[in-house]
Every structure is written in structure tokens, then in C-alpha cells.
Amino acid sequence: MPETMPETYEDDHALAEQLVRGEIPVPTLINGLSIAALPLLFFFAWRAGERGDFIHVTVLIVVAILLVANSFVYWARRHQALQRRTFITLITFLFFYLALGALEQGAAILWLFAYPPVVFYISSIKVGVGTCLLGLVGVTLLFSPLGSQLFNAPYGNYFGITMTAVLGFEMVCCFLLDLSRRRSKASLLSLARDYEYAAKHDAMTDLANRREGLGALEHEYERYQRNSRSFSVILLDIDHFKGINDTYGHQVGDKMIVMVASQLKTVCRRVDTVSRWGGEEFLVILPETDASQAYQTAERIRSTIAAQTVPSDSGSPISTTVSAGIATICNSASIDRLLQEADDALYEAKSGGRNQVCVHGTPVEVIAD
Ligand SMILES: Nc1nc2c(ncn2[C@@H]2O[C@H](COP(=O)(O)OP(=O)(O)OP(=O)(O)O)[C@@H](O)[C@H]2O)c(=O)[nH]1
């Protein structure tokens, strides 16, 4: 049966899982940033070592090792959420440590500007906003008189105010730009899904179109070649449809086609593929179904449709009937042969008086028993 209409990409995680061409995947970015951070961390550690500050050396080297380990764990387990959370925790700690420790004579705090774009890109908007707010509060405290007393930070007042203001400004910009990036990506993905759906489905009935039906048939045939489980097809055609169009007009004819499609969707199983094969012709693919089961399904379809009506322009109910031809794959017959056999059976049903089901190669009396 055809899938339902495409879902939207409201959810941040659903959005992150879908990549558009040219987008840097989050795990790749994290691995790249982790590798890029190594020379910097070792440089800071080396400088701290020269000053004899071995606590800084140890902390920086441990962070470097953990960043590398995080990437290795990702390569081994492919657990994206774990990699992302660990990375955010590590860089949040690192940036706070650089700021509090006033490394590089206080200049290392400027690396805080790298935090907002990275964290917004790799995590959800909520996490981005949360961690940035936390960072801003932390920086404000650090630059406050209390922070100066507690951490003995060497930052001047003017530097502290400017740094906090610029960092806040950067965070707001990153938030807005990332929101815009996410919205554009969501609408691009929705558009692509809409186009894909439209390319595979018939607009009037919402059934799979002929190309999609043929694709499903090829797929089913490949399965049959692998496991030899036979399947059947029903080729179905509305009787005297030209007469309906000529008598009641094309709009009523269209309503009739939609009604038949809707009954097919109701009667068939989820595993079956129902496609609009042509104007008033439909193809149903029934996986792992023999001729006798296909006959029962086709009979159910035929009687259900015969019991339905559609209103004419004047409101009077109009009913119709369908004829169906069934073919079952066997002895590795080709798809073309199968379709030809279904078409022959349909022709037999039409010439036998319509409103009936015929099975290729088997008299109905035998199959119905
Ligand atoms: N309203 C409407 N008519 C369509 C559509 N597609 C095809 N048709 C019409 O369907 C008719 C098919 O008629 P025929 O193939 O002659 O067959 P029939 O009248 O159904 O007769 P039998 O199949 O022999 O019972 C044609 O008149 C087409 O114009 C459609 O989407 N909407």
C-alpha cells in the first residue's frame, strides 16, 4: 500500500538525522574539531609545563586524551548521541577551565568565542540555548567582583564588560543563524519528500503510480527468485467506463475512479501494493499469495465495489462494476509474461460478460472450490 504523506521536520533530532548534500555531518565535525584541538591543547600544556604548572599540564593532556577517546568510541560503536554529549561536556569543561585558569596570561579566555557556533551546530536548539546561557552566566560571575575575589582572575573591568557583551551578542547571532539554517533545511527536506512522493503517486487517487507499481513488481519478482515464494497480481478494470464518462461527464468518471481506489485500499492488506496502472485500470500485487487466495481477494474487491455508489451531478447514485484478471508467478516466468497472463485473464473476464474475476490458466469453478 502507498505510504502516507511525508512527515514534517519539526523535531530537532529527526532533522539532524537527515543530511542534505554539502552539509557537514555532526560526527565528522566533532572528530575534526577534536583533532584540531590537540595541537592547541598540547601547546598550552607545553607552555604551562615551562612555567612549572603541572596541574594545568595534567588537566589539558587528560582533556586531549578524552577527546581522542571519544572519537575512538564513536568509530567503534557509532553512537552519535553519546559522542555529541561527551564532546559538549568536554568542551564546556575546557572553556571554563581556560577562563578560570586564566591560561596564556588570560588570553586563552578568547577561545570562548568558538563555543557558541559549535554547540549550536552539533546539538539541538534547546541544548544550544541552555549551554550558552550557562556559559554567559558563568562568564558574568567570573568578571564580577565576587569572581575576581574567588578566582583571583587577572581580567580588568573594561575587558570583562566588553567580553561579556560581545560574547552575548555572538550567542544571539549564532542562535538566530542556526534557527534560520534549521528552518531552511527543514523546508528543503519537506520539499524533497513532497517531490519524491508526487513522483511515485497518482495525484487523483493517491495510489502508487504505474512506475512505482512496476518497481514494486520488480522487487517482488527478485524476492520470488531468491526464496521461490510465489506471488499473484490482479489486473482490474472498470466496466463500461467510457459510457459513464459519456453519460454523466468526466467529473463523475473521476469520482468513480477515486471510489474504486478507495475500496481497493480498504480491501487489500498493508503488504499488498495497489497502483493505478492506467486510466481506469489498477494493478494489485499480492506477495506470497497463490491463485486461490488471490481469487478470493479479487472477488471481495469486485463485490465491495459493486455495492458502492457515487453521486451524479443531479445527486442520483451511480454504481459500477469491475472485471479482474489474475496471474500467479510460477516456473520463473518473467514479469512481462506475468502481466501478459493477467491481461489475458482480464480480457477473458470482459468477454465473458464483465463484473467477474478470471484466473489465468485455471477455470473459475476449479479455483472457487
Ligand atoms: N473521467 C476519466 N476518464 C478517464 C480517465 N482516464 C481514462 N479515462 C477514460 O476511460 C475510458 C476507457 O474506456 P475503454 O478503454 O474504451 O473501456 P470501457 O468503456 O471501460 O469498456 P470496457 O473496459 O470494455 O468495459 C476512455 O473513454 C478514457 O477517456 C480519467 O482519469 N478520468
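Per an unreviewed UniProt entry, the protein carries the name diguanylate cyclase and comes from Tamilnaduibacter salinus. One UniProt comment on the protein, placed under Cofactor (unreviewed entry), says "Mg(2+)". Turning to the protein, the UniProt record has this under Catalytic activity (unreviewed entry): "2 GTP = 3',3'-c-di-GMP + 2 diphosphate".

Moving on, we come to the packing of aromatic side chains. Applying the stated rule across the entire model yields eleven aromatic pairs. Through a chain of ring-to-ring contacts, the aromatic side chains of Phe43, Phe44 and Trp46 assemble into a single cluster. In this structure, Arg210 packs its charged tip against the face of Trp277, placed 4.3 Å from the ring centre.

Turning next to the confidence of the model for the protein. The predicted coordinates ought not to be read in detail in places where the model reports low pLDDT. Scored by pLDDT, the protein has a mean of 91; 95% of the residues are at 70 or more. Reported confidence for the predicted complex is 0.96 by ipTM and 0.75 by pTM.

Before going further, it helps to spend a moment on the side chain of Thr92. Looking at the secondary structure, you find Thr92 in helix H4 (residues 80-101). Within the local environment of Thr92, its side chain forms a polar contact with the side chain of Tyr115, the two groups lying 2.7 Å apart.

Around the ligand, 17 residues are found, and the nearest of them are His240, Phe241, Lys242, Asp254 and Arg276. In the environment of the ligand, an oxygen atom lies 3.2 Å from a nitrogen or oxygen atom belonging to the backbone of Ile238. Here an oxygen atom of the ligand and a side-chain polar atom of Arg354 are 2.8 Å apart. Counting only elements with at least two residues in the shell around the ligand, the list comes to strand E1 (232-238), helix H10 (241-248) and helix H11 (250-267). The dominant element in the shell around the ligand, judged by the number of residues it contributes, is H11, at four residues.

Time to look at the packing of H11 against helix H12 (residues 291-306). Each packed pair of helices is defined by two parameters, the angle between the axes and the distance between the axes. The geometry of H11 relative to H12 is characterised by a closest axis approach of 10 Å and an angle of 135° between their N-to-C directions. The angle between H11 and H12 falls in the class oblique. Seen from above, H11 lies across H12 with right-handed handedness. The segment H11 lies against H12, with Met259, Val260, Gln263, Leu264 and Val267 engaging Thr297, Arg300, Ile301, Thr304 and Ile305. Partitioning the contact of H11 with H12 into residue classes produces six nonpolar, three polar and one charged.

Let's shift gears to helix H9 (residues 210-227). In a regular helix each residue adds 1.5 Å, so 18 residues correspond to 26 Å; H9 covers 26 Å between its end C-alpha atoms and thus fits that length. When H9 is considered as a whole, its buried residues turn out to be Gly213, Ala216, Leu217, Glu220, Tyr221 and Tyr224. Along the long axis of H9, the arc covered by the buried residues comes to 140°, so they all point the same way. Along H9, the residues that are exposed and aim more than 90 degrees away from the buried face are Arg211 and Arg226. As for H9, its buried residues are in contact with E1, strand E2 (273-276), strand E3 (281-286) and helix H13 (335-351). Following H9 by one or two positions, Ser228 adopts a phi angle in the positive range, close to 60°.

The rules behind these values
- Here the residue numbering is sequential within each chain, running from 1 through the sequence in written order.
- For this predicted model, a pLDDT threshold of at least 70 governs which residues receive local features, and a threshold of 80 or more governs which side-chain atom pairs are given and counted, while totals over whole chains, interfaces and linings are taken from all residues.
- Neither water nor hydrogens contribute to the side-chain values; these are computed over all heavy atoms in the structure.
- UniProt positions are given in the numbering used here, feature names are shortened, and annotations may be inferred rather than shown by experiment.
- Two aromatic rings from Phe, Tyr or Trp, using only the six-membered ring of Trp, form a pair when their centres are within 6.5 Å; if the ring planes differ by under 30 degrees the pair is stacked, by over 60 it is edge-to-face, and anything between is tilted.
- Our definition puts a charge over a ring when NZ of Lys or CZ of Arg is within 6 Å of the ring centre and also within 35 degrees of the ring normal.
- The pLDDT value tells you how sure the predictor is about a given residue, anywhere from 0 up to 100.
- Strands here are runs of E lasting at least two residues and helices are runs of H or I lasting at least four, both read from the DSSP assignment and numbered beginning at the N terminus.
- We call two N or O atoms a polar contact when they sit within 3.5 Å, provided that within protein one can donate a hydrogen and the other can accept it, with sequence-adjacent residues counted only if both atoms are side-chain atoms.
- Residues are classed as near a molecule or strand on a simple rule: at least one heavy atom within 4 Å of it.
- Axis definition: a line fit to C-alpha positions, over the contact stretch in the case of helices; interaxial angles, taken between N-to-C directions, run 0 to 180 degrees.
- Just so you know how the angles are binned, under 35 degrees is roughly parallel, over 145 roughly antiparallel, 65 to 115 roughly perpendicular, and the rest oblique.
- Take the far helix as your reference; a near helix turned counterclockwise from it by less than a right angle gives a left-handed crossing, and one turned clockwise gives a right-handed crossing.
- Contacts are residue-level and defined by heavy atoms, with any inter-residue pair within 4.5 Å sufficient.
- Polar here means any residue other than Ala, Val, Leu, Ile, Met, Phe, Trp, Tyr, Cys and Pro, which are nonpolar, and Asp, Glu, Lys and Arg, which are charged; Gly is therefore polar.
- Multiply 1.5 Å by the residue count of a helix minus one, and that product is the helix's expected span.
- Summary of the burial criterion: residues with accessible area below 20% of their type's maximum are buried, those above 50% are exposed, and those between are partly exposed, where the area comes from a 1.4 Å probe applied to protein chains only.
- To obtain the arc, one takes the directions from the helix axis to the C-beta atoms.

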